[in-house]
Amino acid sequence: MAEPTSSTRRVVGIVAGQATSDGAGVKLSRIIGQPALPDLDPFLLLDAFGSDDPQAYIAGFPSHPHRGFETVTYMLAGRVRHRDNAGNEGLLGPGSVQWMTAGRGIVHSEMPEQENGLLSGFQLWVNLPARDKMTAPRYQEFAATEIPRIDVAPGVVAALIAGSIGDRRGPVESGVTAAFYADLAFDAGSSAAIALPGEHNAVVYVYEGVLNLGEAGTPVAAGSLAVLSLGGELRLAAAAAARALVIAGAPLREPVVRYGPFVMNSEAEIHQAVRDYQTGRL
Ligand code: CO
């Protein structure tokens with residue numbers, strides 16, 4: 001547990017998502033992992049996808065590898081089928097989360113299982129410490145009904161995926177980064193405070209409405225990410241209905257060398273990852 005601290009976190013940067021596409025042409029907004037915010041230790045990437053146009057998502061993410069980090073997929077709407085070379089298969093529906101520790105390597109596909117309607121959600125990449133980069137792959141999947149919904153304050157409900165709020169815990173075990181991941185829904189005129197370990201990096205991604213953050217009430221609108229100062233609790237307020245992700249984790253403070261789906265600590269380890277993938281050893 002972190003010691004309570006009197007300092008509240010303030011907004012030190014606001015980053016707008018950058019429109020891009022990935023996989024076989026899925027349109028998305030890249031929030032972390034773009035020039036304005038290449039990473040925020042231990043987070044390597046945050047993408048938001050959301051469209052009711054099948055052309056924006058139907059091609060999905062066919063078979064591709066990962067090594068050296070964790071991918072976290074959280075669905076708001078629609079269905080995605082996951083298959084991997086470790087024999088795991090899952091259908092991610094609205095409100096579900098998949099926390100995949102790629103470790104030494106996994107090859108998987110992530111394909112929309114619908115031909116029309118809305119598909120929306122997020123993918124976060126969480127780095128692994130050097131000592132865990134070559135760990136055995138691990139797959140955690142939780143349906144919406146397994147994710148606790150916590151009344152944080154009057155008019156504020158959190159779906160808690162990882163970490164703790166008071167004495168409640170999210171279902172995901174995230175290792176040394178001790179990640180916190182919650183999806184917060186605010187009624188008009190509501191406000192809340194969330195205690196986070198003071199030394200953990202933290203961000204808020206607003207995806208509906210506008211939130212006012214910190215004691216200064218810095219406004220952050222839908223489609224933007226607020227990077228927060230280190231310190232104590234996070235204060236959030238909403239004049240009108242709003243929704244946002246709050247994500248935090250312990251920084252690893254290790255070298256980051258990334259090449260596409262591989263994130264290691266050195267160039268030599270990247271070359272090894274490419275060779276291992278090309279020779280079918282992931
Ligand atoms: Co993937």
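A quick note: this is a predicted structure, and the numbers were derived from the prediction, not measured.

(A) The overall build of the protein, seen in detail. The helix and strand tally for the protein stands at one helix and 26 strands. Taking 19 Å as the expected radius of gyration for a compact globule of 282 residues, we find that the protein reaches 18 Å, a close match to that expectation. Across its three principal directions, the C-alpha atoms of the protein cover 55 × 45 × 35 Å. Counting across all 282 residues of the protein, residues that qualify as buried make up 52%. Long-range pairs, those at least 24 residues apart, make up 71% of the contacts in the protein with a sequence separation of at least 6. Charged side chains in the protein number 21 positive and 29 negative. The centres of these two groups are separated by 4 Å.

(B) How the structure looks around the nonpolar core. Residues Leu46, Trp99, Phe122, Ile161, Tyr181, Tyr205 and Leu225 are the most contacted members of the largest nonpolar core, which totals 30 residues. With near-sequence residues (within four places) excluded, Tyr181 lies in contact with Val72, Tyr74, Trp99, Phe122, Leu124, Ala159, Leu160, Ile161, Ala162, Leu245, Val246 and Ile247. Formed by 29 residues, the second largest nonpolar core is a distinct cluster that contains Leu160, Ile165, Ala202 and Val204.

(C) Geometry of the coordination of the cobalt ion. His64 (NE2), His66 (NE2), His108 (NE2) and Glu110 (OE) make up the full set of protein donors to the cobalt ion, lying at 2.1 to 2.6 Å. Here the cobalt ion is ringed by four donor atoms whose angles at the metal span 82 to 175°, and the overall shape comes out irregular. If you list the donors of the cobalt ion from N- to C-terminus, the spacing comes out as H-x1-H-x41-H-x1-E. You can see His66 sitting in strand β5 (residues 61-66) and its partner Glu110 sitting in strand β10 (residues 106-112), a full 44 residues away along the chain. Here His66 falls in the buried class, since its relative accessible area comes to 2%. The class of Glu110 is buried, set by a relative accessible area of 8%.

What counts and what doesn't
- Residues numbered from 1 in each chain as written.
- Predicted model: local features only at pLDDT ≥ 70, side-chain atom pairs only at ≥ 80, totals over all residues.
- Heavy atoms only, no water.
- Helix = DSSP H or I, 4+ residues; strand = E, 2+ residues; numbered from the N terminus.
- Rg over C-alpha atoms; globule rule 2.2 N^0.38 Å.
- Buried < 20%, exposed > 50% of the residue type's maximum accessible area, 1.4 Å probe, protein only.
- Contact = heavy atoms within 4.5 Å.
- Lys, Arg positive; Asp, Glu negative; His and termini not counted.
- Charge placed at Lys NZ, Arg CZ, Asp CG, Glu CD.
- Core = buried A, V, L, I, M, F, W, Y, C linked by side-chain atoms within 4.5 Å.
- Donors = N, O, S within 2.8 Å, 3.2 Å for Na, K, Ca; no water.
- Tetrahedral: all angles 85-135°; square planar, octahedral: opposite > 155°, others 65-115°.

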